[in-house]
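# Summary of the model geometry
Spelled out from the first residue to the last, the chains are:
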Amino acid sequence: MLNTGFPVLSTLIFLPLAAAVVLFFLRGDNTVRVFTLVVSLIECILLAPILLGFDTTTAQFQFVERHAWIEAWNIYYHLGIDGISVLMVLLTVLLLPICVLCSWKYIGQRVKEFHFCLLLMTTACIGIFSALDFILFYIFWEAMLIPMYLMIAVWGGPQRRYASLKFFLYPLAGSTLFLAAIVAFFINTGTFSIPELMEHRDAFQFQIWTFLAMALAFAIKVPLYPFHTWLPAAHVEAPTAGSVLLASILLKMGTYGFLRFCLPITPAASEFFAPLMITLALISIIVGSFLAIGQSDMKKLIAYSSVAHMGFVTLGIFVFAFRGVEGAIMHMVNHGIITGAMFLMVGLIYERSHSRELTENRGVSSYLPAYTGFLLLFGLAAFGFPGTNGFFSKLLVLLGVFEISYVLGILFVIGLLLGLAYIMRLLLNVGWGSPSSFQKDWTDINVREWVYLVPLGLLVIYLGVAPGRALSFIGPSIENLLDNFHFEKDIRVEPVPEPAPEIVSGMVLEIEASTGEFVQVTHSGAAINRFDHQDFK
């Protein structure tokens, strides 16, 4: 494990938390907004050591921090990142200033409390992608639920109470099983260290039960069909920043869990349940796409499309091919950029029309040309148009799937075509449908909106045209993950058989005629033990 000495990850985690505490001593809504924006920009600057110092030639954990926490229970404050987590840390930090800017006018009540939740969410998300101790990870995992619940329940739409409660209960139920798996690992190994558990070999039966507990928690978070019903309600009712964080970061925690825990810690069970996971992924792609096609609410359309896209990611993971996993990780990042941007576009049009219905936001290209241009760019990236980041990551997953099965590849292509259908329906209606007369009063994108849309647009193009730098971050970690997986999955650790009975001097043995077994007898002739021929080999 590599350590630079400077606690980069701790700084990234606890700076937003410290800033959240400072917020309560500030007065004035604009002061709160400016302060949070400055903190978010400082967070972006603090990414420099990771961008410049990350070693792309090794699969080891880097920027490691490890300090004793609760030594009696072998619990450590243990942080580190590798190729599987580094891009998600970068994305989380980069989205913070965008969420602040998109909420500048949208959030008009309880501004201080909203930005407190935003900063607390950032702390929890970075902690999840950096934690290398199971207890520390679980604390961040659960802490993430609180600010997102509040963002939906306090600043959400008319059905915010229903949506926030459903969002909270579904992941919480999965987290209970996840905690049971963590406890089982500790009882079996005596450690909560994630790197140590990756190197430990468990019995196949033990892997089965722990995989099921973890996979259910992660499937709910992704979400995979049939655990997806909490997602549309949460997206529709959440404020724009909440939808961005939910789609771009929170959903990825499920697929991150598959990569970080299921494959390296329970490899044999992962292979055993791969057909089930692939089936659920394909159902999610098809069902999510058809549900998206049938929506008139733009937020619901994008929410159901996320179910389909995360199905692509899960499929790429469980084919266990290098290109598939590589494409899955890249699509986690690319989907975060694209879908986050799409929710921003819905938020922008809602601020002008006060409606998310396709029928009330038609033909905006005549009055909002800049808005239409960004919508077209992000929409094309969503279904994978060549030259955008969505194309490259889906291509990698497709290559990985075809390596395993042509049938799976064909079903994957059908999912892509369905994605084209719902995205084109959105673009054609909003951009070039029959406009309403009141749209003439709408204003195009302002300076603040340009500031947070341009970086996302540049990332869409850059990662589509020149993804080599991003791939160099993740390549060694994927190779190490799959090498260890293919080695460990074939090893079955079974219970140690009982030793053969010891033959001691003076033991009286007789051969039983009916069975041919050796029988140990007492001087009185009572049989007290039996042996077969194998015991004497």
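Computed from a prediction, not measured in an experiment: that's the story for all the values here.

The next point concerns the overall build of the chain. Within the chain, the secondary structure is distributed over 22 helices and 5 strands. Split into buried and exposed, the 537 residues of the chain put 58% on the buried side. Considering only contacts within the chain whose residues lie at least 6 apart along the sequence, 78% involve residues at least 24 apart. Of the roughly 21,300 Å² that the chain leaves accessible, carbon and sulfur atoms contribute 64%.

Once that is clear, we can look at the state of the cysteines. Applying the stated rule across the entire model yields 0 disulfides. Left without a disulfide partner, Cys99 is nearest to the cysteine sulfur of Cys102, which lies 5.2 Å away. Judged by relative accessible area, which is 1%, Cys99 ranks as buried.

Enumeration according to the criterion identifies 35 aromatic pairs in this entry. With 6.1 Å between their ring centres and 55 degrees between their planes, Tyr138 and Phe178 make a pair best called tilted. Here Phe178 lies in helix α8 (residues 160-189) and Tyr138 lies in helix α6 (residues 134-143), a separation of 40 residues in the sequence. Across from the ring centre of Tyr76, 3.8 Å away, lies the NZ or CZ of Arg66, which sits over that ring.

Inspection of every chain in the model, using the stated rule, returns 4 salt bridges. Residue Arg323 is joined to Glu326 by a salt bridge in which the shortest nitrogen-to-oxygen separation is 2.7 Å. Of this pair, Arg323 and Glu326 both sit in helix α17 (residues 322-353), 3 residues apart, which is roughly one turn of the helix. On the accessibility criterion, Arg323 (35% relative accessible area) is partly exposed. For the salt bridge of Glu449 with Arg352, the shortest nitrogen-to-oxygen distance reads 3.0 Å. Placement of Glu449 in helix α21 (residues 447-465) and of Arg352 in helix α17 is noted, with a sequence separation of 97 residues between them. As far as the burial class goes, Glu449 and Arg352 line up, both buried.

For the rest of this paragraph, the subject is the environment of Leu177. Looking at where Leu177 falls in the secondary structure, it is placed in helix α8. As a C-alpha pair, Leu177 and Leu216 span 39 residues in sequence and 7.8 Å in three-dimensional space. In this structure Leu177 touches Ala213 and Leu216, once residues within four positions along its chain are discounted.

Procedures and definitions
Residues numbered from 1 in each chain as written. Predicted model: local features only at pLDDT ≥ 70, side-chain atom pairs only at ≥ 80, totals over all residues. Heavy atoms only, no water. Helix = DSSP H or I, 4+ residues; strand = E, 2+ residues; numbered from the N terminus. Buried < 20%, exposed > 50% of the residue type's maximum accessible area, 1.4 Å probe, protein only. Contact = heavy atoms within 4.5 Å. Areas by Shrake-Rupley, 256 points an atom, 1.4 Å probe, with all protein chains shown as cover. Disulfide = S-S within 2.5 Å. Phe/Tyr/Trp six-rings, centres within 6.5 Å; stacked < 30°, edge-to-face > 60°. Lys NZ or Arg CZ within 6 Å of the ring centre and 35° of its normal. Salt bridge = Lys/Arg side-chain N within 4 Å of Asp/Glu carboxyl O.

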